[in-house]
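A look at the structure
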Protein chains: 2
Amino acid sequence: MSHDDGSGWSAAAFLRDFAQLSTIGATPRGGVDREAATVRDGMARAWLGGWLASRGFAVAVDGIGNQFGLLDLVPGAPYVLAGSHLDSQPTAGRLDGAYGVVAAAFAAHRVAAGARAGTVRPTRNLAVVNWFNEEGSRFGPSMMGSAVFTGRLDADEALRTTDPAGVTVRDALDGIDGRGGPVPLPVGSYAEIHIEQGRELEETGDRIGVVTGTWAARKFRFRVLGEQSHTGSTRMADRRDALLGASLLVVEARSLADRFAEAPLHTAVSQLDVRPNSPVVVAAEVRANLDLRSPDPAVLDAAVHRLRDVAARVEAERGLRVELELTHSWDRDDYTPECVAVSERVCAELGVPARRMLTVAGHDSTNMAKVVPTAMLFVPSREGISHNEREDTAPDDLVTGVDVLTGVVRELVTAPGSGPDRQPWTPASTG
Amino acid sequence: MSHDDGSGWSAAAFLRDFAQLSTIGATPRGGVDREAATVRDGMARAWLGGWLASRGFAVAVDGIGNQFGLLDLVPGAPYVLAGSHLDSQPTAGRLDGAYGVVAAAFAAHRVAAGARAGTVRPTRNLAVVNWFNEEGSRFGPSMMGSAVFTGRLDADEALRTTDPAGVTVRDALDGIDGRGGPVPLPVGSYAEIHIEQGRELEETGDRIGVVTGTWAARKFRFRVLGEQSHTGSTRMADRRDALLGASLLVVEARSLADRFAEAPLHTAVSQLDVRPNSPVVVAAEVRANLDLRSPDPAVLDAAVHRLRDVAARVEAERGLRVELELTHSWDRDDYTPECVAVSERVCAELGVPARRMLTVAGHDSTNMAKVVPTAMLFVPSREGISHNEREDTAPDDLVTGVDVLTGVVRELVTAPGSGPDRQPWTPASTG
Ligand SMILES: [Zn+2]
Ligand SMILES: [Zn+2]
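The shown structure was predicted, so the numbers you read here are calculated from the model rather than taken from an experiment. (Residues numbered from 1 in each chain as written. Chains lettered and ligands numbered in written order. Predicted model: local features only at pLDDT ≥ 70, side-chain atom pairs only at ≥ 80, totals over all residues. Heavy atoms only, no water.)

1. Concerning the relation of the copies chain B and chain A
- Once turned by 180° and shifted 0.1 Å along the axis, chain B lies on chain A with an RMSD of 0.1 Å. With respect to symmetry, the two chain copies, as superposed, fit the operation of a two-fold axis. Looking at the rotation axis and the C-alpha trace of chain B, the residue lying nearest is B:Ser247, at 2.2 Å.
- Here 98% of the interface residues in chain B have copies in chain A that are interface residues too; the copies meet face to matching face. (Least-squares fit on C-alpha atoms with pLDDT ≥ 70 in both. Contact = heavy atoms within 4.5 Å.)

2. Details of the pairing of strand β2 (residues 67–71) of chain A
Residue and element names in this part refer to chain A.
- Burial of β2 is extensive: five of the five residues sit out of reach of the surface.
- The sheet contact formed by strand β1 (residues 58–61) and β2 spans four bridges and is antiparallel. Bridging across to β2, Val61 finds its partner in Gln67.
- From the end of β1 to the start of β2, which pair antiparallel, there are five residues, and Gly65 there has a positive phi angle of about 85°. (Buried < 20%, exposed > 50% of the residue type's maximum accessible area, 1.4 Å probe, protein only. Helix = DSSP H or I, 4+ residues; strand = E, 2+ residues; numbered from the N terminus. Pairing = 2+ DSSP bridges.)

3. Some thoughts on the pattern of salt bridges
- Inspection of every chain in the model, using the stated rule, returns 65 salt bridges over all chains.
- Close ionic contact of A:Asp331 with A:Arg218 constitutes a salt bridge, the shortest N to O distance being 2.8 Å. Note that A:Asp331 is positioned in the loop between β13 (321–330) and β14 (333–334) and A:Arg218 in strand β7 (residues 216–225), a separation of 113 residues in sequence.
- For A:Arg218, a relative accessible area of 9% corresponds to the buried category.
- A salt bridge links A:Asp258 to A:Arg254; the shortest N-O distance between them is 3.9 Å. Note that A:Asp258 and A:Arg254 are positioned in helix α8 (residues 242–259) at a spacing of four residues, about one turn of the helix.
- Residue classification places A:Asp258 among the exposed residues on the basis of a relative accessible area of 54%.
- Since its relative accessible area comes to 15%, A:Arg254 is described here as buried.
- Several salt bridges share partner residues, and in doing so they unite A:Arg94, A:Arg382, A:Glu383, A:Arg390, A:Asp392, B:Glu227 and B:Arg240 into one network. (Salt bridge = Lys/Arg side-chain N within 4 Å of Asp/Glu carboxyl O.)

4. Concerning the coordination of the zinc ion (ligand 1)
All names here are of chain A.
- Surrounding the zinc ion (ligand 1) are the protein donor atoms His85 (NE2), Asp96 (OD) and His194 (NE2), at 2.0 to 2.2 Å.
- The motif formed by the donor residues of the zinc ion (ligand 1), counted along the single chain, is H-x10-D-x97-H. Taken together, the residues span a long stretch of sequence, with His85 in the loop between β3 (79–84) and α3 (98–117) and Asp96 in the loop between β3 and α3 at a distance of eleven residues.
- Judged by its relative accessible area of 1%, His85 is buried.
- Among the residues examined, Asp96 registers a relative accessible area of 5% and is labelled buried. (Donors = N, O, S within 2.8 Å, 3.2 Å for Na, K, Ca; no water.)

5. Topic: the domain arrangement of chain A
All names here are of chain A.
- As assigned here, chain A comprises domain 1 (11–214 + 333–413) and domain 2 (216–330).
- Between the C-alpha centres of domain 1 and domain 2 there is a distance of 34 Å.
- Each partner contributes to the interface: domain 1 provides six residues, whereas domain 2 provides six residues.
- With both chains or domains summed, domain 1 and domain 2 bury close to 470 Å², and 62% of this area falls on carbon and sulfur atoms.
- Taken together, the connections running from domain 1 to domain 2 amount to zero salt bridges.
- Taken together, domain 1 and domain 2 are joined by one residue pair in polar contact (both at pLDDT 80 or more).
- Considering only residue class, the side of domain 1 that touches domain 2 consists of four nonpolar, two polar and no charged. (Domains from an automatic or database assignment. Buried area = accessible area lost by both parts, 1.4 Å probe. Polar contact = N/O pair within 3.5 Å; in protein donor to acceptor, adjacent residues only side chain to side chain. Nonpolar A, V, L, I, M, F, W, Y, C, P; charged D, E, K, R; others polar.)

6. What to know about the interface of chain B and chain A
- At the interface, 58 residues of chain B touch 57 residues of chain A.
- Where chain B abuts chain A, roughly 5200 Å² becomes buried across the two surfaces, and 50% of that area is made up of carbon and sulfur atoms.
- The largest share of the area that chain B buries against chain A comes from B:Met236, B:Arg254 and B:Ser270, three residues that together contribute 13% of it.
- Inspection of the chain B/chain A interface yields six salt bridges.

7. Concerning the packing of helix α2 (residues 39–53) of chain A against α3(A)
All names here are of chain A.
- Closest axis-to-axis distance for the α2/α3 pair is 11 Å, and the angle between their directions is 10°. The angle between α2 and α3 places the two elements in the roughly parallel class. Every residue of α3 that contacts α2 at Trp47, Leu48, Trp51 and Leu52 is listed here: Val101, Val102, Ala105, Phe106 and His109.
- Of the residues in the contact of α2 with α3, the class split is eight nonpolar, one polar and no charged. (Axes fitted to C-alpha atoms, helices over the stretch in contact; angles between N-to-C directions. Parallel < 35°, antiparallel > 145°, perpendicular 65-115°, else oblique.)

8. Brief notes about the coordination of the zinc ion (ligand 2)
All names here are of chain B.
- Distances from the zinc ion (ligand 2) to its protein donors, His85 (NE2), Asp96 (OD) and His194 (NE2), fall within 2.0 to 2.2 Å.
- The sequence pattern formed by the donor residues of the zinc ion (ligand 2) is H-x10-D-x97-H. With His85 in the loop between β3 (79–84) and α3 (98–117) and His194 in strand β5 (residues 187–195), this pair connects stretches of sequence that are 109 residues apart. Of the two residues, His85 and His194, neither departs from the other in class, the shared state being buried.

9. Digging into unusual backbone geometry
- Omega for the bond connecting B:Gly140 with B:Pro141 falls within 30 degrees of zero, at -5°, which places this linkage in the cis form.
- Positionally, B:Pro141 belongs in the loop between β4 (125–130) and α4 (144–149).
- The peptide bond linking B:Arg275 to B:Pro276 adopts the cis configuration, its omega dihedral lying at 0°.
- Structurally, the position occupied by B:Pro276 is in the loop between β10 (272–275) and β11 (281–282).
- With a phi angle near 60°, A:Asn277 is a residue other than glycine that sits in the positive phi range.
- Along the chain, A:Asn277 falls in the loop between β10 (272–275) and β11 (281–282).

Written as structure tokens, this is what we have:
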């Protein structure tokens, strides 16, 4: 189904260009290391800027480092925006985010070629985006660029955020020439494609997931406060061991996942810092994250209730103080039904087996869906492996994803005046 | 019992000088921060060098940064060495180690004054020591200076050790002019006084602990190996969560301590590092310490057996690999019975209630006892609080400790030719 449509499109070209991008920050085991606003992220952004500019896109960067490629087809019309993120976890697969950006670039380029050839009749303009800092591993929170773009996070607050070495987002972005000014970009609709990061498609044999909603989530930071003492000489009964308290919560978080049978519950503690973290001093303080996710908010609420009970018991029995702070909370969010319908129609026309599904992880599209009609697509992930250098997707599936995204972008760009994008979103100044 | 013996000794002078030392690296909550070979450690060493030199001691530093004050009374005779360590944990009490160094300096100074006045007839020379890096929080292993001095650790290996920032012991010592050459010091016997770091003396009302031996210990480093995955989207059954495995071991270590009723068992995990330690990536690897201590080696062996069983179960049930590496192991070590007798005789003569006890923690005296007759004394610790800025001992108890240590040093310095120090220890070149 991949044919030359005047854009110079070929599956081989896509795979070749994506392989080239994957050499930037490549790790020995086939992944990439391109944390937000590092040198390697800067190099990936330079690569994308070059790709877009040489194909006629006007490249622009906003005040929080979101990188855009704009292609005007209909002066004054809103834009169909498509993209994802080029930044990565410290050691990550090469597809997470980057696939969606390059797929969007190819999709936009192909639709533009169709417009030039007269086979596509645009009513909207086209834009590609590389959202800044989706991963959040270096600077919190994750999905930073799209959060600022959609007005959910203050730009100055984001720019002041520091990494563990004390470097601000502002300085890190300036170090890669990654901070620009306001980009005049009224967005009518948004489309994103991403690897599934699960194994549902692999198991059902479908080639495309049409995402209809996001699991509900409750994200906590917790702090366990004990007291320093000597790891050898202090009597066990006198110890107030913050690491013991934290470990009991880690174990409880896991057993919560097994406790609720009504709906899947995913729980995780993955970042944990011990103070003073000495081989001879019982820990006085532990800080950690704790995430709970489920398609069913009622399951989440019951799990949180149980978690608070266990925290109170740990406090009472172990002489500790446990602080649980809810940092992020969202209930099940739905994507625009009209966009789901567009995606399903495109898959049907291309003969691609597709299924509706939910996303467990948040994406930049989660932010965008709050302001404009948004289409979200998945391609299969081998064994569901994610945030891991072994993450992979079959080349055929990658190419099929580009075809489907191209179809969706084409539909959105040619939508009549009464299309899904009745209320374009213009970001507040992020300069 | 504190009278002027010609040395200018007074309890007030001791407390005044100790308070002055405690201003170096003082923390807001009354403790100190003088990690080995930091600027503050250098300042404390400079203070001690000045104190000793102005009272006639020849100050010398060996190749691993042990700081000595030598006072020759009997040319060619072996030395009675007394001391402890001035370095501290990152946030620690002001007494741990430093009390023993200053007490030894005062004790040696008082005994020397007695010799000058003719009331003490020395058969040995006198030396005071500040052992380098007893704590081991910045550079491992702990008790580094005394380990090199007693030939248990290679000097070059110790000098090559790096701190978490990659600085070597060699460079850190050179940065505070803390590295010298061979010190000609045949040691006949050793004496040390330290805070108890437990609450046995407080509970019995005794004022001095005469240490007869050290608890047995097994120290491990463990590594749990899992696999990176997505904290949100990866199915729970597919996760191989290294932090969960480590937490199960932390909880097990604690429950081991409750399981053995025959003899006390102290267990601790206090230093734990998670990789990649990201809020969105399930941990692939956790490294931690794990210590087991008991007066009864049979209890330790049973506990280690149980620990290995649990580690194997964690591996099997959680899809993880657990590596347990034994890094330090010692069975119960006894101090020289003749030195125990000397200490008890001194306490009896001074009318100080004393009791025999074991030390749970290792001390520099643990190393010294392996090469020369060694006396080890404890003063009470308020509530047993240790490795904590709230560590404290009543001033009266501190002064009593100096009196008892002075008596013990006097006994050792005046021992007849057939005294406990029949085989002086001369350190290998540490230059
Ligand atoms: Zn992503
Ligand atoms: Zn100490």
